[in-house]
Amino acid sequence: MSSHAFGNTPEDQAIFGNSKFVIANVPFDGYNSYRDGSHVSPRVISATAKSIGDYDIDCELSPYDKGVHVKDVSEIFEDSGMSMRDDPKDIILEQRDSISEIMKLDKFVITLGGNRCASLGSINAACESFKNVTVIKFGGTYALNDETDDGHRFATSCINSRILESADKFILVGPRSAFKFDGERAKELFNDDDILTPSKLNEMKSEDLLEKWGQLNQNVYISFEFDVFDPSLLYEVELPEPGGLFWRETINHLTNIISNCNVVGADFVGYFPSPHYAGSEILVTRLIHKFMSLIAFHQMK
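Conventions adopted
- Starting from 1, residues in each chain are numbered consecutively following that chain's sequence as written.
- Where local features are concerned, this predicted model is filtered to residues with pLDDT of at least 70; where side-chain atom pairs are given and counted, the filter is 80 or more; whole-chain, interface and lining totals use all residues.
- Values shown for side chains rest on all heavy atoms present in the structure; no hydrogens or waters enter the calculation.
- Strands here are runs of E lasting at least two residues and helices are runs of H or I lasting at least four, both read from the DSSP assignment and numbered beginning at the N terminus.
- Only C-alpha atoms enter the radius of gyration, while the globule expectation follows 2.2 Å times N to the 0.38, with N the number of residues.
- Note on definitions: a residue-residue contact is assigned when non-hydrogen atoms from the two residues lie within 4.5 Å.
- With residues, only the protein chains shown are counted as cover, and all accessible areas are computed by Shrake-Rupley using a 1.4 Å probe.
- Buriedness of a pocket was judged along seven lines, with at least five required to meet protein on both sides within 12 Å; pockets are open sets of points on a 1 Å grid over the protein atoms alone, cavities are sets where a 1.4 Å probe fits but cannot get out, and lining residues have an atom within 4 Å of a point.
- Grid points are joined across faces, edges and corners, and a volume is the space filled by probe spheres set on the points.
- In this count, Pro and Cys sit with the nonpolar residues alongside Ala, Val, Leu, Ile, Met, Phe, Trp and Tyr, while Asp, Glu, Lys and Arg are called charged and the others, Gly among them, polar.
- Any pair of nitrogen or oxygen atoms within 3.5 Å is treated as a polar contact; in protein, a donor-acceptor pairing is required on top of that, and neighbouring residues in sequence qualify only through side-chain atoms on both sides.

K.L.:
Is there a simple way to think about the overall build of the protein in this case?
P.N.:
The number of helices and strands found in the protein is 10 helices and eight strands. Taking 301 residues into account, the globule formula puts the C-alpha radius of gyration at 19 Å, and the protein, at 18 Å, falls close to it. If you take every contact in the protein between residues at least 6 apart in sequence, the share linking residues at least 24 apart comes to 76%. Counting every atom, the protein has about 12900 Å² of accessible surface; 47% of that belongs to carbon and sulfur.

Here's what the structure looks like:
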């Protein structure tokens, strides 16, 4: 199997020129708020993908038939020679330029982190490559600090503030953890209906939520941080907060967004694999596989 193949993608479909999907591995793991460990996530996900079934029963297809090419971190940053220990601002700028070049070739880029900082370069690339991009961020925390006490503006606690500077529109789905300053900045920076907490999602009628997705800008980028899940479903995140989303409702949200909008890219970040909780890698990898299946079914016919 080619080193550029994701899961059991046939070797000829893993060639860059034959692939509609490109997996970009960005295992950045610096400036966390609580603990480290997400840098091994892309490697764990890629290994797990070889062990799960490739056929999506609901969509009746295998996303591998569209071709999936993996670009490792060394290829994404090959021109600059950067490592994941360099300054996050410099990493984000180089990642933006590299991902932009891939998007210009009509590839659907899925970035695998790393912590939530690994998403920003790809989000910036999408916002520069497409017009009127709405970023929908699934995540468990506001992360709206503007700058840390020691002057960092690209730490994990600041990342949603940086996304706000790039996106034409920004919607948070699933947040349930915040500091006081986060709450104050959220009131200042967001429309009330653009922060969909789990409590608010439970109160919304399905038709109202469908109407919201249908009213979005045509182009959408989905950023998915795994701490949006309830810890009873997935505990291996930086800060497992109770009250999160569950599998079926999450798949329903993704399905409704993908079927109503033109999704132009995505990232999956914030998974912290642990040898003490074997099995979580199946859930994480299955979600990414399901996402690719939905994109293939709704946007690549």
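Next comes the rest of the account.
K.L.:
Looking at this structure, how should I read empty space enclosed by the protein?
P.N.:
Empty pockets left among the atoms are what a rolling probe the size of a water molecule brings to light. As enumerated under the stated definition, the model contains one cavity of 30 Å³ or more in all. Approximately 60 Å³ is the volume attributed to the largest cavity. As for the largest cavity, its lining consists of Asn115, Arg116, Glu225, Asp227, Val237, Glu238, Leu239, Gly270 and Phe272. Grouping the amino acids of the lining of the largest cavity by side-chain chemistry returns three nonpolar, two polar and four charged.

K.L.:
In this structure, what is going on with the environment of Gly279? I would like to understand it.
P.N.:
Secondary-structure assignment places Gly279 in the loop between β8 (262–269) and α10 (280–299). Remark: the alpha-carbon pair of Gly279 and Leu234, spanning 45 residues in sequence, is separated by 9.7 Å.

K.L.:
Looking at this model, I keep getting lost on the side chain of Asp56. Mind explaining?
P.N.:
By the element assignment, Asp56 lies in the loop between α1 (41–49) and β2 (68–71). Polar contacts involving the side chain of Asp56 include one to the main-chain amide nitrogen of Cys59, which spans 2.7 Å.

K.L.:
Please explain the environment of Arg96 as it appears in this structure.
P.N.:
Relative to the helices and strands, Arg96 resides in helix α3 (residues 88–103). Here the alpha-carbon distance between Arg96 and Asn124, two residues 28 residues apart in the chain, equals 5.9 Å. Each residue touching Arg96, except ones within four places of it in the same chain, is listed here: Gly121, Asn124, Ala125 and Glu128.

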